[in-house]
Amino acid sequence: MSGQDDFFLRHTAQDRLIDYWWDVDANDARRAGDFYTADCIYQMLEHRMDGPAEVDAYYAYRRGRGARLVRHVLTNLQSRVVTAREVSVKGVLTVYATDGAPVQPSAPPILVADNEATLVQEDDGVWRMRLHSITALFRGGVPVLVPPRP
């Protein structure tokens, strides 16, 4: 694989992960399920979601609670091409969040975590996450929102 191909694949996957977080933050995650493969696993802290339907259900639960102001800030990105159709991306995820609409008082982040994702290019040409994990490093302030256990 050429250096240009490697660069293109790594940055395509990184952009897709960034687009996901923008959908979560600016669009109330209304397209979140579209970012995952049918057989995906999303491990968000202690909460595991299998498949895009469970991801969509989580975000529907979140929207149903009312306004939530959140920003997921993804930094220090590293990516590695596994194959021409699979790229691993990792970075530091810093989360600022509280219930309510803008403008809220400034506060420290509620979470600093490792964010790792394996993105694959599916037959329709779209890159989707097959594996996505968020592992907490620091927590505090407003609790991270996870759905109640059934």
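Rules and cut-offs
- Residues numbered from 1 in each chain as written.
- Predicted model: local features only at pLDDT ≥ 70, side-chain atom pairs only at ≥ 80, totals over all residues.
- Heavy atoms only, no water.
- Helix = DSSP H or I, 4+ residues; strand = E, 2+ residues; numbered from the N terminus.
- Rg over C-alpha atoms; globule rule 2.2 N^0.38 Å.
- Buried < 20%, exposed > 50% of the residue type's maximum accessible area, 1.4 Å probe, protein only.
- Contact = heavy atoms within 4.5 Å.
- Areas by Shrake-Rupley, 256 points an atom, 1.4 Å probe, with all protein chains shown as cover.
- Pairing = 2+ DSSP bridges.
- Expected span 1.5 Å × (residues − 1).
- Arc of directions from axis to C-beta.
- Axes fitted to C-alpha atoms, helices over the stretch in contact; angles between N-to-C directions.
- Core = buried A, V, L, I, M, F, W, Y, C linked by side-chain atoms within 4.5 Å.

**Considerations on the overall build of the protein**
Link 1 in the chain: The number of helices and strands found in the protein is two helices and six strands.
Link 2 in the chain: Against the 2.2 N^0.38 benchmark of 15 Å for 150 residues, the protein shows a C-alpha radius of gyration of 16 Å, consistent with a compact globule.
Link 3 in the chain: Burial statistics for the protein: of 150 residues in total, 39% are counted as buried.
Link 4 in the chain: Considering only contacts in the protein between residues 6 or more positions apart, those separated by 24 or more positions represent 58%.
Link 5 in the chain: Accessible surface for the protein amounts to roughly 8200 Å². Of this, 53% is attributable to carbon and sulfur atoms.

**Observations concerning the pairing of strand E4 (residues 86-99)**
Successive side chains on a regular strand alternate, one facing one side of the sheet and the next facing the other.
Link 1 in the chain: Bridge analysis of strand E3 (residues 68-83) against E4 gives 13 bridges, and the strand direction is antiparallel. Bridged to Leu-74 within E4 is Leu-93.
Link 2 in the chain: Counted along the chain from E3 to the antiparallel partner E4, the turn is two residues long.

**Side note on the environment of Phe-138**
Link 1 in the chain: Turning to its location among the elements, Phe-138 is positioned in strand E6 (residues 127-139).
Link 2 in the chain: The sequence separation of Phe-138 and Arg-85 amounts to 53 residues, and the corresponding C-alpha distance is 33 Å.

**Examining helix H2 (residues 52-64)**
Link 1 in the chain: When the terminal C-alpha atoms of H2 are compared, their 18 Å separation across 13 residues agrees well with the 18 Å that a helix rising 1.5 Å per residue should span.
Link 2 in the chain: Considered for burial, the residues of H2 that qualify are Val-55, Tyr-58, Tyr-59 and Arg-62. The arc enclosing the buried residues of H2, seen along the axis, measures out at 90°, which places them on a common side. Exposed positions of H2 whose direction lies more than 90 degrees from the buried face are Ala-53 and Gly-64.
Link 3 in the chain: Buried residues along H2 sit in contact with helix H1 (3-26), strand E1 (36-44), strand E2 (47-50) and E3.
Link 4 in the chain: At the C-terminal side of H2, Gly-66 shows a positive phi close to 110°.

**Concerning the side chain of Thr-37**
Link 1 in the chain: With respect to the helices, strands and loops of the structure, Thr-37 is situated in strand E1.
Link 2 in the chain: Apart from residues no more than four positions distant in its own chain, Thr-37 is found in contact with Pro-52, Val-120, Glu-122, Arg-128, Met-129 and Arg-130.

**A look at the sheet that holds E6**
Link 1 in the chain: Strands sit in the order E2-E1-E6-E5-E4-E3 across an open sheet of six strands; the sheet is mixed. Unpaired on one side and paired on the other, E2 and E3 mark the two borders of the sheet. Strand after strand, the sheet turns through a mean of 15° between neighbouring axes, direction not considered.
Link 2 in the chain: Examined bridge by bridge, E1 and E2 share four bridges and lie antiparallel to one another. Along E2, the bridge assignment pairs Tyr-42 with Met-49.

**A few points about the nonpolar core**
Link 1 in the chain: Ranked by size, the top nonpolar core spans 35 residues in total, and within it Tyr-20, Trp-21, Tyr-36, Tyr-42, Tyr-59, Met-129 and Ile-134 carry the most contacts.
Link 2 in the chain: Counting only elements with at least two residues in this core, the list comes to H1, E1, H2, E3, E4, strand E5 (111-121) and E6.

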